[in-house]
Amino acid sequence: MEGTVFDISEGSIHDGPGMRITVFLKGCPLRCNWCHSPEGQHPETEMLVPSGVPPYPCGKVWQAEKLADYLKKRLRFLENGGVTFSGGEPLMQSKFLLEVLQFLIGYHTIADTCGFVSSEEFAAVAQKVSMIFFGLKLLDDESSVRWTGRPCSPVLQNLLRLDRETATPYRLRIPLLAGITAETDYLKKLERLCAQLQRAEGIDFLPSNPEAGAKYAACGRVFAPEYDPSATPVLPTWFSPGIPCRLLSPGEIS
Ligand code: SF4
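For clarity, every value in this text was computed on a predicted model and none was experimentally measured. Residue numbers here run from 1 along each chain, matching the order of that chain's written sequence. pLDDT decides what is reported in this predicted model: residues at 70 or higher carry local features, side-chain atom pairs at 80 or more are listed and counted, and totals for whole chains, interfaces and linings draw on all residues regardless.

Caption draft 1: Representation of the overall build of the protein in the model. Within the protein one finds 6 helices and 11 strands. Only C-alpha atoms enter the radius of gyration, while the globule expectation follows 2.2 Å times N to the 0.38, with N the number of residues. Its C-alpha atoms give the protein a radius of gyration of 18 Å, near enough to 18 Å, the size a compact globule of 254 residues would have. Principal-axis analysis of the C-alpha atoms gives the protein an extent of 50 × 45 × 30 Å. Working definition of burial: number of other C-beta atoms within 10 Å of the residue's own, with buried at 20 or more, exposed at 12 or fewer, and partly exposed in between, all C-beta atoms being placed from the backbone. Burial analysis of the protein (254 residues in total) assigns 39% to the buried set. Here the contact rule is simple: place C-beta atoms from the backbone, and any two residues whose C-beta atoms are within 7 Å are in contact. Taking contacts inside the protein between residues at least 6 apart in sequence as the whole, the part at least 24 apart equals 71%. A run of DSSP states H or I qualifies as a helix once it reaches four residues; a run of E qualifies as a strand once it reaches two. Both are numbered from the N-terminal end.

Caption draft 2: Structural context of the sheet that holds strand 2 (residues 20-25). Spatially, 5-1-2-6-7-8-9-10-11 is the arrangement adopted by the 9 strands of the open sheet, whose pairing is mixed. Among the strands making up the open sheet, the edge pair consists of strand 5 (60-63) and strand 11 (245-247). Between one strand and the next, the sheet's axes are offset by a mean angle of 30°, whatever the strand orientation. DSSP calls a pair of strands paired once it identifies at least 2 bridges connecting them. The axes are straight lines fitted to the C-alpha atoms, using for helices just the contacting stretch, and the angles between their N-to-C directions are given from 0 to 180°.

Caption draft 3: Geometry of unusual backbone geometry. For the bond running from Gly-87 to Gly-88, omega is 15°, close enough to zero to count as cis. Tracing the chain through its elements places Gly-88 in the loop between strand 6 (82-86) and helix 2 (94-103). Of note, the phi angle at Asn-80 is positive, near 55°, even though the residue is not glycine. Of the residues examined, Asn-80 has 9 C-beta atoms within 10 Å and is grouped as exposed.

Caption draft 4: The environment of Gly-82, seen in detail. Inspection of the secondary structure assignment puts Gly-82 in strand 6. When the 23 C-beta atoms within 10 Å are taken as the criterion, Gly-82 is described as buried.

Caption draft 5: Just the pairing of strand 6, in detail. The buried count for strand 6 comes to 5 of 5 residues, which makes it a mostly enclosed element. Neither face of strand 6 is exposed, since Gly-82, Thr-84 and Ser-86 on one face and Val-83 and Phe-85 on the opposite face are all buried. Where strand 2 meets strand 6, 5 bridges bridge the pair, whose relative direction is parallel. Opposite Phe-24, over in strand 6, you have Ser-86 as the bridge partner. In this structure, strand 6 lies alongside strand 7 (residues 108-113), joined through 4 bridges in parallel fashion. Bridging across to strand 7, Val-83 finds its partner in Thr-109. For the crossover that starts at strand 6, traverses helix 2 and ends in the parallel strand 7, the hand is right-handed. If the strands point away from the viewer and the path from the first strand over the helix to the second runs clockwise, then the crossover is right-handed.

Caption draft 6: Quick look at the packing of helix 2 against helix 3 (residues 119-128). Contact pair helix 2 / helix 3: the axes reach a minimum separation of 10 Å and the direction vectors enclose 15°. Relative to helix 3, the element helix 2 is oriented roughly parallel. The element helix 2 and its partner helix 3 pack so that their crossing is left-handed. Contacts between helix 2 and helix 3 involve Ser-94, Leu-97, Leu-98 and Leu-101 on the former and, on the latter, Glu-121, Ala-124, Val-125 and Lys-128. Classes in brief: Ala, Val, Leu, Ile, Met, Phe, Trp, Tyr, Cys and Pro nonpolar; Asp, Glu, Lys and Arg charged; the others, Gly included, polar. When grouped by side-chain class, the residues that make up the contact of helix 2 with helix 3 number 5 nonpolar, 1 polar and 2 charged. The cut-offs work like this: below 35 degrees is roughly parallel, past 145 is roughly antiparallel, 65 to 115 is roughly perpendicular, and the gaps in between are oblique. Whether a crossing is left-handed or right-handed is set by the direction in which the near helix is turned from the far one by less than a right angle, anticlockwise for left-handed and clockwise for right-handed.

Take a look at the structure:
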């Protein structure tokens, strides 16, 4: 079957163990106020019109088997490498992703997901990949709708089921943003959630990306952050979720 990919990045050392190829699948159900990949949100190929550069199509349709063959050829050159599927939201094309994964059995694969998908789709992908990067955002429906456009209840259900009903290793990945997640209320709630998790291998906090707005104009949109993208929050010393945490540097975000 066919799927739409908007970028393939080779040689990443920040998207999982080893040297990796990251495949960015098009389409995302969320509209995070801080999103730095607006070109990944729309599910279909679209023209980008960057200033000073000729317009170009963003999104290429691939056959699942051809994409897997391409990745396998490239993986030959990457020692201990693997493939990370990101986006957008890779599980928005879960049937396509499952077919690609079927051709990649034996390779290390990661799905970097926001978790806002049906429990059936989530479970099917979680059983096929080597690891999940779970991109957790808000922790209550009201603030989740406010900042991402969607409630977080389905996300939290998928997280708890991933933890309790599968053996797939996973890490949480959480944006650390002034006025949103870098706040006492949020971090206390996160501690309570983490107390319910048995298997999370770690929490990667993603710093605010000062380049977040760079691509909006090319998509014909306006970046309108309702937080301070230039703020660089740190984790308070009292924060103790019982899971190893690290705050990534801007260079470690793909
Ligand atoms: S989940 Fe990721 S790709 Fe989707 S809108 Fe949020 S930040 Fe952007």
